Each structure stands twice: as structure tokens, then as C-alpha cells.
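Residue-level structure breakdown
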Amino acid sequence: MAGNAHEFDVIVIGSGPIGQTLADKVRAGGLTVAVVERELVGGECSYWACIPSKAMLRPVIAVTEAQHVDGARAAVTGPIDADGVFARRDRYVTSLDDTGQANWVKSIGATLVRGHGRLEGPRRVAVTTPDDEVVVLTARHAVAICTGSLAAMPDVPGIAEARPWTNRRGTDSSSVPARLAIVGGGPVGVELATAWNGLGSAVILLDREQRLLPRMEPFAGELVAEGLTEAGVTVRTEVTLESLRRPVADGPVTVTLDDGSKHEVDEVLFAIGRTPLTGDIGLETVDLPAGSWLDVDDTCRVRGTDGWLFALGDVNHRALLTHQGKYQARIAAQVILDQAAGESVDEATPWGVHVASADRSAVPQVVFTSPEAAAVGRTAEEAVAEGYRCKVVDVDLGAKVAGANLYADGYRGQARMVVDEDTRCLLGVTFVGPGVTELLHSATIAIVGQIPIERLWHAVPSFPTISETWLRLLEGYQN
Ligand SMILES: Cc1cc2nc3c(=O)[nH]c(=O)nc-3n(C[C@H](O)[C@H](O)[C@H](O)COP(=O)(O)OP(=O)(O)OC[C@H]3O[C@@H](n4cnc5c(N)ncnc54)[C@H](O)[C@@H]3O)c2cc1C
Ligand SMILES: NC(=O)c1ccc[n+]([C@@H]2O[C@H](COP(=O)([O-])OP(=O)(O)OC[C@H]3O[C@@H](n4cnc5c(N)ncnc54)[C@H](O)[C@@H]3O)[C@@H](O)[C@H]2O)c1
């Protein structure tokens, strides 16, 4: 880079799915962009999170589903081929080679700068390259922090000697531990328990809360725990980890819980949440605290800065999901483009082009377990806590939905719809059961579109599909 080649309209720090989306959109709008990446272009999502976990889960879920269809069950005769699953995963993560994604960044006309980016005052980013050189970039319009998050670790005795797994080894290991303890029963914990149990590990899943998936409707965690238990996972809730011991480097780990029980395993995996990757990105140079989640407004501009600094994706802690971060990137790109053109930004109109309104009321999430759990919007408990006058409708899918029973014999699943009684529009919907994942977007559209119950009756689900759950929910609302 020579002359003013270090000056760009926009600098994006972090090339995960969110940084890439922002770069793509502002570039398409005619701005120049530098994308700074210190590790692999594509981020955690592409190599150690969404993509490898789903590549590993799909074979496990496919086999489990076949085992629940009379007649098909007889065709499932052996264990899952772990090497085949690892090969599938490696294909999806391009064997941790980011050439394809790096070329894509270049193909959109962005400049990829390899190295660790740190703010150096407003609109300046110093990049320490792999050769230990420092390149200083300046941004005419905006800097976007898209640095993502890291697995959180608890402070318990013995953690260093136990060399625990996180989502990284949990998604890139090509050997199956005979015994695996997973601490944390959120989405990462339940998905990786499903995957590794399916691949042959004896898994014990531990959570300190009363139930798994504590952020979803209670029946989600309960049905997922049932599915895991049926598959052979030992599920322990309301337990706290006291210590780990791995006296011999290659030997087993002893996990001690607060109820006094001890469990010997070959590996321990932590899935207890995330911490923001903001500790070493120069936040202190712009008067922001280092190491914290970045507080943004609904346009994704960092509060306390004057409109040049954006934080998108996991780092802003609005919704730690790839699709939601990419939505934020689309909104922020519009804000950046309009600011750069000297046009006004309308931050006051919900659902407008500059406001990430869905983050507040319509975040969809699918947890890929067996059964699957899919939810969007508020839970009943959240709606009540926020002061809504609401009606809750529950449907037992196995008992009431013909399409569900044709999908799996002895189908077990449940749905819940939370309705705002003042507007008769939906506040939240949850589906749990085999094959429900693709139903979720219908609920997202109903919530975002603010479609009243009366109109939903005109959205006719095909017979005999699991979507007929919608009819049962509407009938339940009338009764
Ligand atoms: C096991 C697992 C499974 C998941 N499954 C799903 C799923 O199915 N669906 C879903 O929606 N979400 C899923 N998530 C969440 C999803 O992975 C995150 O929400 C998503 O990766 C966030 O994207 P991001 O771009 O903000 O961050 P990341 O994907 O973490 O990317 C951040 C990038 O920034 C780079 N970086 C960091 N600091 C610097 C720096 N100082 N300088 C330069 N570069 C830097 C990093 O190297 C990285 O490449 C999963 C998470 C886990 C752990
Ligand atoms: N399919 C998906 O959409 C998907 C999959 C994986 C992860 N993610 C996202 O990634 C983020 C991280 O997921 P996660 O599951 O790591 O975090 P999480 O915060 O969603 O869940 C953490 C779980 O660990 C438990 N926990 C916390 N501390 C504990 C302790 N000391 N001992 C025992 N249990 C403890 C909590 O009760 C909770 O159940 C989430 O926001 C999640 O939505 C999404």
C-alpha cells in the first residue's frame, strides 16, 4: 500500500460472516473498504461454530429420524461412520483453508489486510501484520468492529491442567473421546452433546440451571433433555462444577460436582456462554472500556462515539447468532452509506431501513438437536414481564397434528404461541419436535408482519404437513 492507499471509506475489523456482509454491502454502495483479519477469513462461524457443528449434526439427526419411522428403522443397522462425518465436516470447513473466502473478499473489491487490528484513536486502525509490521489505516466514514466472541471459561480449580475443549476442539476434533463431559446446556452444549453422542462418545451434560436451554420456553429444554436421555446422554441439571483434575497429561479427567459426585471422563468441553473479543482492540484509545460488550443503539453505532464507530454481530451482544448479526450488518451498511452521502439517518422509525428492530422482538433461533427446538420472539414469561396482556396457546403435536405423525411414528413435540391480546398479533412462537426447523420462518413473518390472528386463518397450511400446527394454534386461541 502506498501514498493514500492506507485510507479507506470504511474499515471492518474481523471477517466473520458479519464483517463480510458489511463489507459486501458498503462496497456495493460504492465505498472503498478494508477488511482486517488476524486468523481465518470467515470467522468462528465458518470453521469452529455454525458450519462444522451443523455438518456433524445432520448425519446424527438423519439417522435418529429414520429410527423413528416404522419400516425405515430396519434399514438403520450400524453405528454412524465417524470418519465419514469428519470428512463431511472437513469438506464444509474447506479443511480450515480460507483461500476461497479470502478470494471472495478480494472479488468484491475490498482490500484484505491480514493481521490484528486495534483502534488508535477515532477513525484510525493499526494492524500488526503476521510479519510484525504495523500498518496504520484511516477511515473517512466508519470503522466497524466485528471481532466476535470467545468461549467463556469458569474459574474452577484444575482447569488449566484439564486442558478443556471449547467449541474449537468440539468441532474440529477428528477423534471421538470415549467419555466426554459437557458443561453448559445452552445451544452449544445440547448440540455438541447430540453430535458427540451420535458419534459414539458416552456424554454427560451438566448445567447449573433447572433445565436445558433456559432462554427458551420450558418445554423446549424438557423435550430436548428427553431426546438426549433416550439417545444415551446422561443429563444432569442444577449441578455446579467444583473442580477438575487431570494428574496425568494424557490420562482421564475427574470432574467433581457440588453434590459430591465424581465423574471420570476423557475430555471436558465448556459451553457456558461467550466473552467478547474486545480486550485488545484499542477501545481505551477512544475512551471505551476494554474487554466489554459494545453498547450500540438500534442503528448499531457505538454509544458515546459520534457516529463513526459501529459494532456488529456477537460483540454488541444483541443476539449472538450469525443470521441476526448479518441483519445488523445490512442495516448498518445503509446507515454508513447514507451518512457518507450526507443524507439523514432515521433512527426513530421502528422497522425502517436504519433501525435493527427485529433484534428487539423477532430474533429467530433453531437449535439442531433431536428433537429440534425453534423459537422466535418473546417467551410467555418474557411477554408477561414486559407488561403485555397476553394469551398463551399450547399444542401437543403428536396428539393433534396428522402431518407430524406421518413424519415420525409416535411423534413427540409441542408448540406454543403467545398472542398480544390488545393487538391480536403474535409476540412469540416456539416449535419443538422432529422436522420443525423449516416452520420457524412462517412464525417470524407473522411476528414481523404484525399479522392479526383473523388474517392468519387465511394462511392455509398444506395437508398433511407439520405446518398444520398453525391451524391447531389458531383453534386453541378461539377456545
Ligand atoms: C458451536 C457453535 C455453534 C453455533 N451455531 C450457530 C448456528 O447454527 N446458527 C447461528 O446463527 N449461530 C450459531 N452460532 C453463533 C455464531 O457462531 C456467532 O453468532 C457468529 O460467529 C458471530 O459472527 P461474528 O462475525 O460476529 O464473529 P466471528 O464469526 O467470531 O468472526 C470474528 C472474526 O474477527 C476476527 N478478529 C477478532 N479480533 C480481531 C482483531 N483484533 N483483528 C482482526 N481480526 C479479528 C476473528 O479472527 C474472526 O475471524 C454458533 C456458535 C457456536 C460456538
Ligand atoms: N443453533 C444455534 O442457533 C446456536 C448454536 C450454538 C450457539 N449459538 C449461540 O452461541 C451463543 C453461545 O452459546 P452457549 O450455549 O455457549 O451459551 P448460552 O449462554 O446460550 O448457554 C450457556 C449455558 O451454560 C449454563 N452455564 C453457565 N455457566 C455454567 C456453569 N458454570 N456451570 C454449568 N452450567 C453453566 C447456562 O445455564 C446455560 O444453559 C448463544 O448466544 C447461542 O445462541 C447458537
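Residues numbered from 1 in each chain as written. Chains lettered and ligands numbered in written order. Predicted model: local features only at pLDDT ≥ 70, side-chain atom pairs only at ≥ 80, totals over all residues.

1. A word on the UniProt feature "binding site: NAD(+)" (unreviewed entry) in the protein chain
Mapped onto this numbering, the UniProt entry gives "binding site: NAD(+)" (unreviewed entry) at Gly 184, Gly 185, Gly 186, Pro 187, Val 188, Gly 189, Val 190, Glu 191 and Gly 273. The annotated residues occupy 90 residues of the chain but converge on a single region, no pair of C-alpha atoms lying more than 13.6 Å apart. Tracing the backbone through its elements, the reader meets Gly 185 in the loop between strand S8 (179-183) and helix H8 (187-198). A residue is classified by how many C-beta atoms lie within 10 Å of it, and Gly 185, with 27 of them, is buried. The topology assignment puts Gly 189 in helix H8. Dropping the residues within four chain positions of it, Gly 189 is found in contact with Ile 182, Gly 184, Leu 205, Asp 207 and Ala 271. (UniProt positions renumbered as here; feature names shortened; annotations may be inferred. Helix = DSSP H or I, 4+ residues; strand = E, 2+ residues; numbered from the N terminus. Buried ≥ 20, exposed ≤ 12 C-beta atoms within 10 Å, placed from the backbone. Contact = placed C-beta atoms within 7 Å.)

2. Focus: the sheet that holds strand S17 (residues 364-367)
Within the open sheet, the 5 strands sit side by side as S17-S18-S21-S20-S19. Their pairing is antiparallel. In this open sheet, the two strands that pair with only one neighbour each are S17 and strand S19 (390-396). Direction aside, the axes of adjacent strands within the sheet are offset by 10 degrees on average. Of the strand pairs in this sheet, strand S18 (residues 372-377) and strand S21 (residues 425-433) are connected by 6 bridges, and their pairing is antiparallel. Residue pairing in the sheet places Gly 377 in a bridge with Gly 428 of S21. Across the sheet, helix H15 (residues 440-448) is in contact with S17, S18 and S21; its angle to S18 comes to roughly 10 degrees. Relative to the sheet, helix H17 (residues 469-478) contacts S19, strand S20 (414-420) and S21, its axis offset from that of S19 by approximately 135 degrees. (Pairing = 2+ DSSP bridges. Axes fitted to C-alpha atoms, helices over the stretch in contact; angles between N-to-C directions.)

3. Quick word on the site of ligand 1
Near ligand 1 there are 35 residues, and of these Gly 14, Gly 16, Gly 43, Gly 148 and Gly 313 occur at the shortest range. Only helix H1 (17-28), strand S2 (33-37), helix H2 (43-48), helix H3 (50-66), strand S4 (116-119), helix H7 (167-172) and helix H10 (322-340) provide two or more residues apiece to the shell around ligand 1. Built from parts of two domains, the shell around ligand 1 gets at least three residues from each of domain 1 (7-46 + 93-148 + 277-358) and domain 2 (152-272). (Near = placed C-beta within 6 Å. Domains from an automatic or database assignment.)

4. Considerations on helix H9 (residues 218-231)
The first and last C-alpha atoms of H9 sit 20 Å apart over 14 residues, in line with the 20 Å expected at 1.5 Å per residue. For H9, the complete set of buried residues consists of Ala 220, Gly 221, Leu 223, Val 224, Ala 225, Gly 227 and Leu 228. Where H9 is buried, its residues meet H8, strand S9 (202-206), strand S10 (234-236), S18, S20 and S21. Of the residues flanking the end of H9, it is Gly 232, one or two places downstream, whose phi is positive at about 115 degrees. (Expected span 1.5 Å × (residues − 1).)

5. As for the pairing of S20
Most of S20 sits out of view: 6 of its 7 residues are buried. Two elements, S19 and S20, share 7 bridges in a ladder whose sense is antiparallel. Following the sheet pairing, Cys 390 is matched in S20 by Asp 420. Here S20 runs beside S21; their pairing, made up of 7 bridges, is antiparallel. Residue Asp 420 lies in a different strand from S21, and its bridge partner there is Cys 425.

6. Remarks on the sheet that holds strand S11 (residues 241-245)
Pairing is antiparallel across the open sheet formed by 3 strands, whose spatial order is S11-S12-S13. The two strands at the open ends of the sheet, each matched to only one other strand, are S11 and strand S13 (262-265). Averaged over neighbouring strand pairs, the angle between their axes works out to 20 degrees when direction is ignored. Of the pairings in the sheet, the one linking S11 to strand S12 (residues 253-257) comprises 4 bridges and is antiparallel in character. Its bridge partner lying in S12, Leu 244 is registered against Val 255.

7. Some words on the site of ligand 2
Around ligand 2 there are 26 residues in total, and Gly 184, Gly 186, Pro 187, Gly 273 and Leu 320 lie nearest to it. Contributing elements (two or more residues each) for the shell around ligand 2: H8 and S17. Here the shell around ligand 2 takes 4 residues from H8, the largest share from any one element. Looking at side-chain class alone, the shell around ligand 2 contains 14 nonpolar, 7 polar and 5 charged residues. (Nonpolar A, V, L, I, M, F, W, Y, C, P; charged D, E, K, R; others polar.)

8. Topic: the UniProt feature "binding site: FAD" (unreviewed entry) in the protein chain
With numbering matched to this structure, UniProt assigns "binding site: FAD" (unreviewed entry) to Lys 54, Gly 117, Thr 147, Gly 148, Ser 149 and Asp 314. In sequence the annotated residues extend across 261 residues, and in space they extend as well, their farthest C-alpha pair lying 29.9 Å apart. Looking at where Gly 117 falls in the secondary structure, it is placed in strand S4. Apart from the residues lying within four places of it in its own chain, the contact partners of Gly 117 are Ile 13, Val 36, Val 125, Val 127 and Ile 281. Within the fold, Thr 147 resides in the loop between strand S6 (134-145) and strand S7 (149-151).

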